[in-house]
Amino acid sequence: MSRLRRMPRQQQPARPARRRSYDQFCATARALDSVGDRWTLLIVRELLAGPRRYTDLHADLPGVSTDVLASRLRDMEQGGLAVRRRLPPPAAAAVYELTEHGRGLLPVLTALARWGAPALDERRPTDAVRAHWFALPLLRALDGLTRSGVVEVRLPEGEFHLRVGAEASGEVYGYGSADRPDACLVLDADAVLAVGRGGSTLVDAVEGGRAKVLGEGPLADELRGGQCPRA
């Protein structure tokens, strides 16, 4: 008796999942269709500092699952917020980076950081922290500087650097120390948050001894000299 052979089913290409939408003819609703999912804006926050590998993103987004992170990155690619590319040798690693459309979210995140700053009265025992998460409040505090350059920021939690001034281009902040900063700012998280809440300026922090500016040159002088605009 011949053995019947089971024919494999013809596989159909998987349909891309339809993203949820508010289905409202409203600019705010359309924006939330793209960035309203949990974790999306925090991924944007990470990528504002430049291209990042998937493993680095996962390390700096405590609490996100690998499935959710992969899903959000895929949605961001489909929505034109980010692209995935491979670095040339010797790195030969895949990284994600924001498109110009994605970088346009910087003012949104800066505004959210200012709005949310009063909620950071005290650090909870379960709160994770990364030094570069304090970049957005400082960027707003330094907005309006007449001198352009790179400011290295040193916190007890670590270091990051900012590109400030009208001539600043590319990523507005980056991870770790800068190669040749024009000025160095030493302070703690409480001083950053005080400035981020809008009740004082960086110059107030410097004059009160809560922050210190290192370095010589026009940008360092301006940071010391009281030309930072009041929030």
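What you see is a predicted model, and the numbers here were worked out from it, not measured in a lab. (Residues numbered from 1 in each chain as written. Predicted model: local features only at pLDDT ≥ 70, side-chain atom pairs only at ≥ 80, totals over all residues. Heavy atoms only, no water.)

Visitor: What am I meant to see in the overall build of the protein chain here?
Guide: Helices and strands together make up the secondary structure of the protein chain, namely 10 helices and 7 strands. Counting the 231 residues in the protein chain, one finds 38% classified as buried. In the protein chain, the proportion of contacts linking residues at least 24 apart, taken out of those at least 6 apart, comes to 57%. Summing over all exposed atoms, the protein chain offers an accessible surface of approximately 14500 Å²; the carbon and sulfur share of this is 50%. (Helix = DSSP H or I, 4+ residues; strand = E, 2+ residues; numbered from the N terminus. Buried < 20%, exposed > 50% of the residue type's maximum accessible area, 1.4 Å probe, protein only. Contact = heavy atoms within 4.5 Å. Areas by Shrake-Rupley, 256 points an atom, 1.4 Å probe, with all protein chains shown as cover.)

Visitor: Is there a simple way to explain the pairing of strand S2 (residues 94-98) in this structure?
Guide: Here is the key point about a regular strand: its side chains alternate between the two faces of the sheet. Summarising burial for S2: 5 of the 5 residues are buried, a large majority. Neither face of S2 is open: one carries Ala94, Tyr96 and Leu98, the other Val95 and Glu97, and all of them are buried. In this sheet, S2 lies alongside strand S1 (residues 82-86) in antiparallel orientation, the contact comprising 5 bridges. The residue of S2 that forms the bridge with Arg86 is Ala94. (Pairing = 2+ DSSP bridges.)

Visitor: Would you explain helix H2 (residues 40-47) in this entry?
Guide: Because each turn of an α-helix spans 3.6 residues, side chains separated by three or four positions in sequence point in the same direction. Buried residues dominate H2, accounting for 7 of its 8 residues. Restricting attention to buried positions, one finds in H2 the residues Thr40, Leu41, Ile43, Val44, Arg45, Glu46 and Leu47.

Visitor: Any chance you could explain the pattern of salt bridges here in plain terms?
Guide: What the rule picks out here adds up to 10 salt bridges. Between Arg85 and Glu97 there is a salt bridge, with the nearest N and O atoms lying 2.3 Å from each other. Pair noted here: Arg85 is in strand S1 and Glu97 is in strand S2, with a separation of 12 residues, a long-range link. With relative accessibility at 18%, the residue Glu97 sits in the buried group. Where salt bridges share partners, they join Arg45, Glu46, Arg52, Asp60 and Arg130 into one cluster. (Salt bridge = Lys/Arg side-chain N within 4 Å of Asp/Glu carboxyl O.)

Visitor: What's the story with the sheet that holds strand S7 (residues 211-214) in this structure? I'm lost.
Guide: Each strand in a sheet pairs with its neighbour through backbone hydrogen bonds, running either in the same direction (parallel) or in the opposite one (antiparallel). Taken together, the 5 strands give an open sheet; going across it, the order is S5-S4-S3-S6-S7, and neighbouring strands pair in mixed fashion. At either end of the open sheet lies a strand with only one pairing partner, and these are strand S5 (173-175) and S7. Along the sheet, successive strands turn relative to each other by an average axial angle of 25 degrees, direction set aside. Sheet topology places strand S6 (residues 183-187) next to S7; 4 bridges connect them, and they run antiparallel. Residue pairing across strands places Val186 opposite Lys212, the latter belonging to S7. (Axes fitted to C-alpha atoms, helices over the stretch in contact; angles between N-to-C directions.)

Visitor: How should unusual backbone geometry be read in this particular structure?
Guide: Note that the residue after Pro89, namely Pro90, is joined by a cis bond; omega there is 10 degrees. The phi angle at Asp23 is positive, at roughly 55 degrees, despite the residue not being glycine. Structurally, Asp23 can be placed in the segment before helix H1 (27-35). You will see that Trp39, though not glycine, has its phi angle at about 85 degrees, which is positive. For Trp39, the position within the fold is in the loop between H1 and H2.

Visitor: When you look at the packing of aromatic side chains in this model, what are you seeing that I'm missing?
Guide: The relative placement of two aromatic rings is captured by the distance of their centres and the angle of their planes. Summed over all chains, the structure comprises 0 aromatic pairs. Directly above the aromatic system of Tyr175 lies the positively charged group of Arg52, at a separation of 3.9 Å from the ring centroid. (Phe/Tyr/Trp six-rings, centres within 6.5 Å; stacked < 30°, edge-to-face > 60°. Lys NZ or Arg CZ within 6 Å of the ring centre and 35° of its normal.)

Visitor: Is there a simple way to think about the nonpolar core in this case?
Guide: Considering soluble globular proteins, one finds that nonpolar side chains tend to be buried as a cluster. Judged by nonpolar contacts, the single largest core of 51 residues is most densely connected at Phe160 and Leu162. Leaving out residues up to four positions away in the same chain, Phe160 has contacts with Ala131, His132, Phe134, Ala135, Leu138, Val151, Glu152, Val153, Leu155, Gly174, Tyr175 and Gly176. (Core = buried A, V, L, I, M, F, W, Y, C linked by side-chain atoms within 4.5 Å.)

Visitor: What am I meant to see in the environment of Gly209 here?
Guide: By secondary structure assignment, the location of Gly209 is in the loop between helix H9 (202-207) and S7. Through-space distance from the C-alpha of Gly209 to that of Leu187 is 9.2 Å; in sequence the pair is 22 residues apart.

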